[in-house]
Amino acid sequence: MLRLIATSLCLRCQHITALPLNLRLCMTRSVAENQQTVEALYNLSVDIQKVRKLKGWVLHESPAYTKEVAELLKNMGASGPIIAHILTSHPEAVLCNPEQIQTQKELWMSVCPNQRELVGIIEKFPAAFFTSSSHHDNQRNNISYFQSLNLNKRIITKLMASAPQSFSRPVEQNELMVRTLQRAYRELGGEEANMKVWLQKLLSQNPFVLLKSPEVLRQNLLFLRDKGFSTTQLLRLLSSLKGFVTELNPDSMRRTLTYSQDTIGCSEAELRNIILRCPALLYYPESTLAERFEGLLRAGISMSQITETPTILELTTQIVNYRIQRLKARGYDIRTGSLEVLNGTKKDFEMSFGKLQLSRERPIFNPVAPVKGDD
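Keep in mind that what you see is a predicted model, and the values were worked out from it rather than measured. (Residues numbered from 1 in each chain as written. Predicted model: local features only at pLDDT ≥ 70, side-chain atom pairs only at ≥ 80, totals over all residues. Heavy atoms only, no water.)

A separate point is helix α19 (residues 286-298). For α19, spanning 13 residues, the distance from its first C-alpha to its last is 18 Å, which sits close to the expected 18 Å at 1.5 Å a residue. All buried positions along α19 are accounted for by Thr288, Leu289, Ala290, Arg292, Phe293, Gly295 and Leu296. At its buried positions, α19 is contacted by α17 (250-264), α20 (303-308) and α21 (317-329). Of the residues flanking the end of α19, it is Gly300, one or two places downstream, whose phi is positive at about 95°. (Helix = DSSP H or I, 4+ residues; strand = E, 2+ residues; numbered from the N terminus. Expected span 1.5 Å × (residues − 1). Buried < 20%, exposed > 50% of the residue type's maximum accessible area, 1.4 Å probe, protein only. Contact = heavy atoms within 4.5 Å.)

In C-alpha cells, the structure reads:
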C-alpha cells in the first residue's frame, strides 16, 4: 500500500515538472489575495469586482506598489476618479516599481508638453505608459530618432501611446521602415520640401505602419504599378490609404480587383479611376464587397449610381439601409437622387439629413403675394 502511494506521488511530481513554467507558477501561487493591495485599491474607489473578473491574478502578486503609484499619479495632477479609472482598466500598474514609473515619466515628458496632457494620455493608454523597465533604453533611442526627423512632439507622443510596440523594439527596425517610406515617397515623385509633413500625416493616421514589413510595402507598390497605376496615382493611393497598403498582399488585391471589375462590368482604366476615388476597394475581401453590392442593388440603387459615388461601398449594408429608411420617411427617393447624402460618417449624414429636412420645410417666399394686415 505504501509502495503504491509513493509511486502515485512520484508520478504526480513528474507531471507537475513537465508542465510549462507559467502553469507551474499558477499552481504554486498562493490562493489568498494580497489584502494590502485589495484594501489600497478599495480605498481608491477602484472597481475590485471588475479587476477580479478581468485581471484577478494581479491581486495575488507581491510586492505591489498601489499607494505609491496612486501618489505619483496624484502629483502629476490626476484626480481621484481618474486614478480609479486607470487602476481599474489597467491594474497591472500597481506592480510597477515607483522608480521605473518615474523613469517612464521623464521619458514621456521629453515629448509631452505638460503633465496635464500626460495624465490624459495615461488615462486613455495606460498599458503604453506602465510598460516593462527592460524597454527603457529602446524607448529612449526611438524618441531620439524621431526627434532627429524633426517630427512634431505631439506626433511622437501619439506614436508612443497608440503603438507602444514600435518604441519597445530596437530603433534600427523603425529606421528601416521610415527609410522605406521615404524612398517610396521620392520614387513616386513626392516633393522633398513636403516630405516631413507627408510622413507626419501618414504616421499620425496609422501609427502601426511602423510595425509592418518594408518588403511587403515594396511588393504591393510593384503590383499596383503593374496594374497600370502611374507614379502620381500610387503616391495618392499610399497617402489616402493611410499606410494600409502595407497590410495588403498581391494575391488578395488581385482577387478583389477581379471581382470588382466583373461585378461593375468596367474596363481596367475605369476600375483604376473608381479605386482612386474609393481606395477601400483594394482591401475589402470579396465576401464583404459581395454583400455590399447586393445590398445596394436590392435597395434599388443602380450600378451607375455606385460607380459615380463608389465611397458608398465603405458603409455596411445595415448602415445604408438605416439611412435609406430615414431619407424615405422625408420623401427623398434614393433611386433617383444622389448617393452623396448617404455618404460619410454618422456626423456627416446627420448634417446632410438636417440640410435636406430644412430645405423641404422652408416655405417658398412669393414677392408679389399681398401682405396680410390686421382686419
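Evaluation of the coordinates by the stated rule reveals eight aromatic pairs. With 5.0 Å between their ring centres and 90° between their planes, Phe129 and Phe130 make a pair best called edge-to-face. With a relative accessible area of 1%, Phe129 lands in the buried category. Exposure remark for Phe130: the relative accessible area of 7% places this residue in the buried category. Connected via pairs of aromatic rings, a cluster forms that spans Trp108, Phe129 and Phe130. Positioned above the aromatic ring of Phe353, the side-chain terminus of Arg326 is 4.4 Å from the ring centre. (Phe/Tyr/Trp six-rings, centres within 6.5 Å; stacked < 30°, edge-to-face > 60°. Lys NZ or Arg CZ within 6 Å of the ring centre and 35° of its normal.)

When the charged atoms of two side chains lie near each other, side chains of opposite charge can form a pair. As enumerated under the stated definition, the model contains 10 salt bridges in all. For Glu286, the salt bridge is made with Arg255, and the minimal N-O distance between the two is 3.6 Å. Taken together, the positions of Glu286 in helix α19 and Arg255 in helix α17 put the pair 31 residues apart, joining distant regions of the chain. Judged by relative accessible area, which is 34%, Glu286 ranks as partly exposed. Here Arg335 makes a salt bridge to Asp333, at a shortest N to O gap of 3.1 Å. Accessibility expressed as a relative area gives 52% for Arg335, which makes it exposed. For Asp333, a relative accessible area of 31% gives the class partly exposed. (Salt bridge = Lys/Arg side-chain N within 4 Å of Asp/Glu carboxyl O.)

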